[in-house]
Amino acid sequence: MTHRIFAVRYGHLERTSDRNFLGGDDHASRMPLDYYVWVIKRDARSIVVDTGFDLSQAASRGRTLIRPVAEGLAAIDVDPNDVMDVVITHMHYDHAGNAALFPRARFHVQDAEMAYCTGRAMTHRHLSAFFEAENVVDMVRRVFDGRVVFHAGDSLLSPGVTLHHLPGHTMGLQAVRVETSRGPVVLASDAAHFWANLERETPYPVVADVPQYLESLRALRSLAPSIDHIIPGHDPAVLARFPPEPGLLDVVRLDLAPLPRAAS
């Protein structure tokens, strides 16, 4: 039940560390965010995890689109028309755009996430600012088209691929645990933006529920044999820690052992 996992970087944002930890950082330094989508491959099947944002969203939110998501997928021979399953870890703008690229796919979403992004929490600008209304409305339309699969907590997506409800950043965030040749790898998405959020046990500032976020960090550790088996959602170090896909920029293999780290 082993799989290949690709991290495909599509966007970038320059910022400093004081903006990446709840309560700030007394020693603020450069700490940018990278934006990824992930692809799980086994035999001829590809499961896409998250769908990113497009050029218009990059422009309106001041992000750099390194390349459109469709181009990144094409680089690893994934045709969105052939993708039958897309996991949406949560409905924030940078994880749930571009869904129209996948005309045949079923979208896997937690019950709690759809309740969260369509309910009274969205009357608070601090929470709603990170959602795009059109992305949410489009997902509701897919519900009525029979193209959304709801999950209530942890569940099996396919042999060797499981979904795990890890609330805190949003109320319905889900991580994806994948069996690989190096053991189970957990695509944490924004349950931890950076390895540093996990190591310091300090939330990223965009958080719906702090106690649940912290409990989800504990759950992340229980799902993986080591911290190198946990893949954070936005850490640029992902590209440095894992082997690049030969001949490609901004694509690394997460199912392969991490690269040796340079001595500090």
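Residues numbered from 1 in each chain as written. Predicted model: local features only at pLDDT ≥ 70, side-chain atom pairs only at ≥ 80, totals over all residues. Heavy atoms only, no water.

(A) Region of the structure containing the packing of aromatic side chains. On inspection of all chains with the given rule, the structure shows six aromatic pairs. Consider the rings of Tyr116 and Phe131, whose centres lie 5.8 Å apart with planes at 65 degrees: the pair is edge-to-face. One end of the pair, Tyr116, is in helix α4 (residues 111-117); the other, Phe131, is in the loop between α5 (125-128) and α6 (133-144), with 15 residues separating them in the sequence. The pair formed by Tyr116 and Phe131 is uniform in burial state, with each residue classed as buried. Pairwise contacts between aromatic rings join Tyr10, Tyr35, Phe53 and Tyr93 into one cluster. One Lys or Arg, Arg142, reaches over the ring of Phe107 and ends 5.0 Å from the middle of that ring. The ring of Phe21 is capped by Arg200, whose NZ or CZ atom sits 4.0 Å from the centre of that ring. (Phe/Tyr/Trp six-rings, centres within 6.5 Å; stacked < 30°, edge-to-face > 60°. Helix = DSSP H or I, 4+ residues; strand = E, 2+ residues; numbered from the N terminus. Buried < 20%, exposed > 50% of the residue type's maximum accessible area, 1.4 Å probe, protein only. Lys NZ or Arg CZ within 6 Å of the ring centre and 35° of its normal.)

(B) Fine view of a nonpolar patch on the surface. Together, Leu22, Val210 and Leu214 make up a nonpolar patch on the protein surface, roughly 190 Å² of accessible area in all. Of the residues examined, Leu22 reaches a relative accessible area of 36% and is grouped as partly exposed. (Patch = residues over 30% accessible without salt bridge, like charges linked within 9 Å, V, L, I, M, F, W, Y side chains within 5 Å. Areas by Shrake-Rupley, 256 points an atom, 1.4 Å probe, with all protein chains shown as cover. Salt bridge = Lys/Arg side-chain N within 4 Å of Asp/Glu carboxyl O.)

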